[in-house]
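Survey of secondary and tertiary structure
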Amino acid sequence: MTRLALRYLLLSILILSGCSQTTQFEQSHTSDKGTTTLPSNVQRWLAESLPSEPITSKPAMLEQKGEIYVRDKWLPFNASSRYSKNLENFQWDASIKVTFGMWVNAEDGHNQSEGWGGAKMWGVIPLGGQRGKQVHQMQVSRSLAELAWNPQIVQTTSGITWANTGPSSFSATKKIGEDSVTVNFELNQANEVIRAVGNRFIEVDDTFKEMLWDYKFANHTAINGIKIPLNAVATYYKPEGPWEYFRVTITSN
């Protein structure tokens, strides 16, 4: 791999990953009010996904493995994600293998006031990073969609507006300052979330553009008593056609 090709490869990773920031994460707890105030479709999903016994203390943390598409190549990664109660904080930390003996530590995340993305070669050499209003909204879109992996958070999450959007769908909307981010969730006949979809920012030619984006979920399995989809694929729907760029498998929760 030439030096120039490597530079383009690493810069492409920055579109999807973020720079380092330390954030404190809370544990989620079952609400005393249960789920009776949530829309009916959300209740159907939670009834299918959560155990009948209350979850008194469940860390919102996931271990993952998968592939990310960068410069016409699928690069393998191992990662962990953490989500605070109320989704005020989200952090994704990944180790992405670029080639033999070369890897990039990448991060995505947000707190209440900002979002970030960036990477470091071998976890040491900074390769740049992203911040700003669009990055914040982009990361909140992601953490909202990933509620499909964290149904236990829903019972204790405030600051999110839920609504039925169809016979087997519902939306989650979170305000960010004067703006808001909405993700729509689709259920199958078993009341499992099979898709999370919304408009999400992406950087194109040094400019952020909003495009239709989704996660497609599959292989719903109970882990530690919580039924979640173990497999997911993320896709942006560009004018020239769908761009699938992220494949992930949940290995533990």
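Residues numbered from 1 in each chain as written. Predicted model: local features only at pLDDT ≥ 70, side-chain atom pairs only at ≥ 80, totals over all residues. Heavy atoms only, no water.

Covered by surrounding structure in strand β1 (residues 61-70) are Leu-62, Gln-64, Gly-66, Ile-68 and Val-70 only, the residues Met-61, Glu-63, Lys-65, Glu-67 and Tyr-69 on the alternate face being uncovered. Pairing between β1 and strand β2 (residues 73-83): 10 bridges, direction antiparallel. Bridge assignment links Glu-63 to a residue of β2, and that residue is Ser-80. Remark: 2 residues form the turn of the hairpin made by β1 and β2, two consecutive strands paired antiparallel; Arg-71 in that turn has positive phi of roughly 50°. Here β1 pairs with strand β13 (residues 241-252) via 6 bridges, running antiparallel. Residue pairing for β13: Ile-68 is matched across the bridge by Phe-246. (Buried < 20%, exposed > 50% of the residue type's maximum accessible area, 1.4 Å probe, protein only. Helix = DSSP H or I, 4+ residues; strand = E, 2+ residues; numbered from the N terminus. Pairing = 2+ DSSP bridges.)

Next up on the list: the environment of Tyr-215. Relative to the helices and strands, Tyr-215 resides in strand β11 (residues 207-223). Tyr-215 sits in the buried class, given a relative accessible area of 1%. Measuring from C-alpha to C-alpha, the distance between Tyr-215 and Phe-246 comes to 9.1 Å, with 31 residues separating the pair along the chain. Other than its neighbours up to four places away in sequence, Tyr-215 contacts Arg-142, Ala-145, Glu-146, Trp-149, Ile-194, Arg-195, Ala-196, Ala-232, Val-233, Ala-234 and Phe-246. Side-chain polar atoms of Tyr-215 contact the side chain of Glu-146, separated by 2.7 Å. (Contact = heavy atoms within 4.5 Å. Polar contact = N/O pair within 3.5 Å; in protein donor to acceptor, adjacent residues only side chain to side chain.)

Right, let's get into the pattern of salt bridges. Where side chains of opposite charge bring their charged atoms close, a pairing between them can arise. Per the stated rule, a full pass over the model turns up 12 salt bridges. Between Lys-227 and Glu-48 there is a salt bridge whose closest N-O contact spans 2.5 Å. Here Glu-48 lies in helix α2 (residues 40-49) and Lys-227 lies in strand β12 (residues 226-238), a separation of 179 residues in the sequence. Residues Arg-247 and Glu-67 are paired through a salt bridge, measuring 3.3 Å at the closest nitrogen-oxygen approach. Placement of Arg-247 in strand β13 and of Glu-67 in strand β1 is noted, with a sequence separation of 180 residues between them. (Salt bridge = Lys/Arg side-chain N within 4 Å of Asp/Glu carboxyl O.)

Counting 62 residues, the largest nonpolar core has Leu-144, Leu-147, Trp-149, Trp-162, Tyr-215 and Phe-246 as its most contacted members. When residues no more than four places from it in sequence are discounted, the contact partners of Phe-246 are Glu-67, Ile-68, Trp-74, Phe-77, Trp-92, Arg-142, Tyr-215, Ala-232, Val-233 and Ala-234. (Core = buried A, V, L, I, M, F, W, Y, C linked by side-chain atoms within 4.5 Å.)

Okay, the confidence of the model for the protein chain next. Summary statistics for the protein chain give a mean pLDDT of 84 and a share of 83% for residues scoring 70 or more. Taking the mean pLDDT of every element in the protein chain, the minimum, 44, falls on helix α1 (residues 3-16) and the maximum, 97, on β12. Here residues 1-34 is modelled with pLDDT under 50, and outside its nearest four sequence neighbours on either side it reaches 102 contacts, counting other chains as well. (pLDDT = per-residue confidence, 0-100.)

Attention now moves to helix α3 (residues 133-145). In this model, α3 (13 residues) spans 19 Å end to end at C-alpha, consistent with the 18 Å of a helix rising 1.5 Å per residue. Within α3, 11 of the 13 residues are buried, leaving the element largely enclosed by the surrounding structure. For α3, the full list of buried residues reads Val-135, His-136, Gln-137, Met-138, Gln-139, Val-140, Ser-141, Arg-142, Ser-143, Leu-144 and Ala-145. (Expected span 1.5 Å × (residues − 1).)

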